[in-house]
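As a plain string of letters, each chain reads:
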Amino acid sequence: MEEEIWKKAIPGYEVSSLGRIKSCDRMVPFYGAIWRRQKERIMAQFISNVGYPSIKLYGGKYVQNSMVHTLVAYAFMGPRPEGLVINHKDGNKQNNRFQNLEYVTQSENLRKGKGCRGEDHGLSKLTILKVKKLRMEYIPRKITYLALAKKYGVSEMTVYRAVHGQCWAWLA
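Residues numbered from 1 in each chain as written. Predicted model: local features only at pLDDT ≥ 70, side-chain atom pairs only at ≥ 80, totals over all residues. Heavy atoms only, no water.

Visitor: Could you clarify how one ought to interpret the sheet that holds strand S2 (residues 13-16) in this entry?
Guide: Pairing between sheet strands relies on hydrogen bonds along the backbone, with the strands arranged either parallel or antiparallel. Reading across from one edge, S1-S2-S3-S6 is the order of the 4 strands in this open sheet, with antiparallel pairing throughout. Looking at strand neighbours, the two that pair on one side only are strand S1 (6-10) and strand S6 (41-42), the edges of this open sheet. Relative to strand S3 (residues 21-23), S2 runs antiparallel, the two sharing 3 bridges. Bridge pairing in S3 links Val15 to Ile21. Its contacts with the sheet place helix H1 (residues 68-77) against S1, S2 and S3, and it is angled at close to 90° to S2. (Pairing = 2+ DSSP bridges. Helix = DSSP H or I, 4+ residues; strand = E, 2+ residues; numbered from the N terminus. Contact = heavy atoms within 4.5 Å. Axes fitted to C-alpha atoms, helices over the stretch in contact; angles between N-to-C directions.)

The following block contains the structure:
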């Protein structure tokens, strides 16, 4: 079994090598001048709108949403160098173990991306079948991009890109 290592990365919190965040035992402001003891606990994580595990960090009156992988990378690999992004080596956004993270350029991150093209991409509205149908239905000067966009619930630009191979190019 893998040993869990905890590091203090940000005030009031500790970050685990397994991708967990712990709120430290401390005194926090409560209703103005009153202070209360905040007991140590593992923070609950939620999935952000872009699919990354995130937590809410509390700093006095302010709350900040932070993605777990950025906190783990900062704690175990140091500050992110300018111009680099964090890559999940196995392509799984849920796996925030520090051994699974690395700093890479944006282009390298896109090249290494696994399972995030086509309908596997979290924001895709089209499926392989829909793109194939869309390409067969498109007839220049007879069926417009707008008509297809309405039919498939996407933008005209998405239809244009799918028809002309600017996206879904890998789909023959």
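Having seen the structure, we can now continue with the description.
Visitor: Even after reading the chapter, I still don't get unusual backbone geometry, so can you show me in this structure?
Guide: Most peptide bonds adopt trans geometry, and most residues besides glycine take a negative phi value. Positive phi values are uncommon outside glycine, yet Arg141 reaches one of about 65°. Here Arg141 lies in the loop between helix H3 (128-137) and helix H4 (145-152). Arg141 sits in the exposed class, given a relative accessible area of 86%. (Buried < 20%, exposed > 50% of the residue type's maximum accessible area, 1.4 Å probe, protein only.)

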